[in-house]
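Take a look at the letters that make up each chain.
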Amino acid sequence: MRKLIIDRTINSPKVILDPDNNLFEITGESRPPDIREFYGQIIAWLEEFSKKLITSNDKSGKLTFNFDFEYFNSSSGKMILDICKILSRLRTDGFNIEVNWHYEEDDLDMLEAGKEMSKIVRFPFEYLQKLN
Amino acid sequence: MAGPEVFFSYTGPLDYQQIDLLLIQLRETGRFRDLQKITGKRVYSVVVECLENILKHAATSDSTQNEDQPYISVGEYNDMIIISSGNLVIEKKVEKIKHCLNKLNGMNRRDLLELYENNIAKELKDNANGNGAGLGCIIMRIKSNHNLWYSFKNASDNLIYFELRISINKYHEKVNN
């Protein structure tokens, strides 16, 4: 499946969705002006990826998704939740999916945001603190 | 009573490009850079939500009077960081805004987080534009951990000028993990 790579901008995060190299990450600041267009392409990619996974039924490999946000606005939060729901469904279907939620040292708000996401989608995340 | 000592402010029309510029300016402001990381992040978050709310929801007017222009300011007062914003709204939105803010002000942190959880998925379904002001206000209230102060006053063209003030504690205990 083709990879999806979006470069970081001043108001949108870097996105790497690369199944060939087992790299799945969203990194940076998220408040893109056209939230639905930006996250729509990510969600569409993940939906297609999910379908291929389910069709292949290959549950051997571990897929690790990294969320490493410096900041995201309220609109982005809704979209990130949608992404987490897709990942949660895959995990429920028996795929070996792991989510790493990164947060900066002392940024307990970002840690809490991850815990909220995890709670809503019922998917235990790993919380990784980045030291300054 | 003296008001906050403002260290960042802007008055005028907004678009996404202007918001990007303002946020760069805010981050480069010395008083902002000197804040504890968690305080700075909360201030930043609230400023973004304020600016985006103004952009998405403010009424427009042909008035060129300064007091009708949207504004945002960040200042310091009594170990609190005060974020103030103002914009025109249409009169029929006033009661809804009041109801929303009064509801948030009456809630504790646990209730706010629950409200956030309940609303985040709901707004995705119900709001085709994905730009509900409710979630932004909930976040501002959570980040602030103080009541949101607001006022309405008559403005030009039968519009109402809405002001919002959000207070954030300047100092937070450092957490050792």
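Residues numbered from 1 in each chain as written. Chains lettered and ligands numbered in written order. Predicted model: local features only at pLDDT ≥ 70, side-chain atom pairs only at ≥ 80, totals over all residues. Heavy atoms only, no water.

## Some details on the confidence of the model for chain B
Residue and element names in this part refer to chain B.
Right, so step 1: Here chain B averages 89 in pLDDT, while 90% of its residues score no lower than 70.
Right, so step 2: Mean pLDDT across the elements of chain B bottoms out in helix 5 (residues 109-126) (81) and peaks in helix 1 (residues 16-28) (98).
Right, so step 3: Across residues 127-133 the pLDDT falls below 50, and counting only partners more than four positions away or on other chains, this stretch makes 17 contacts in the model.
Right, so step 4: Listed scores for the predicted complex are pTM 0.93 and ipTM 0.95. (pLDDT = per-residue confidence, 0-100. Helix = DSSP H or I, 4+ residues; strand = E, 2+ residues; numbered from the N terminus. Contact = heavy atoms within 4.5 Å.)

## Section: the sheet that holds strand 2 (residues 71-77) of chain B
All names here are of chain B.
Right, so step 1: Strand order in the open sheet made by the five strands is 1-2-3-5-4, with antiparallel pairing throughout. With partners counted over all chains shown, the strands left at the sheet margins are strand 1 (5-11) and strand 4 (149-154), one partner each. For this sheet, the mean inter-axis angle between neighbouring strands, taken without regard to orientation, is 15°.
Right, so step 2: When strand 4 meets strand 5 (residues 160-169), the two strands line up antiparallel, connected through six bridges. Each bridged residue has a counterpart across the sheet, and for Lys153 the counterpart in strand 5 is Tyr161.
Right, so step 3: Sitting on the sheet, helix 3 (residues 37-57) touches strand 2, strand 3 (80-89) and strand 5, and the angle it makes with strand 3 is about 5°. (Pairing = 2+ DSSP bridges. Axes fitted to C-alpha atoms, helices over the stretch in contact; angles between N-to-C directions.)

## A look at the interface of chain B and chain A
Right, so step 1: Across the contact, 37 residues belong to chain B and 32 residues belong to chain A.
Right, so step 2: At the junction of chain B with chain A, the criterion picks out nine salt bridges.
Right, so step 3: Among the salt bridges present, the one from Arg42(B) reaches Asp109(A), with a minimum N-O distance of 2.7 Å.
Right, so step 4: The tally of links from chain B across to chain A stands at 15 residue pairs in polar contact (both at pLDDT 80 or more).
Right, so step 5: Those elements that provide at least two residues to the side of chain B that touches chain A are helix 1, helix 3, helix 5 and helix 6 (133-144) of chain B. (Salt bridge = Lys/Arg side-chain N within 4 Å of Asp/Glu carboxyl O. Polar contact = N/O pair within 3.5 Å; in protein donor to acceptor, adjacent residues only side chain to side chain.)

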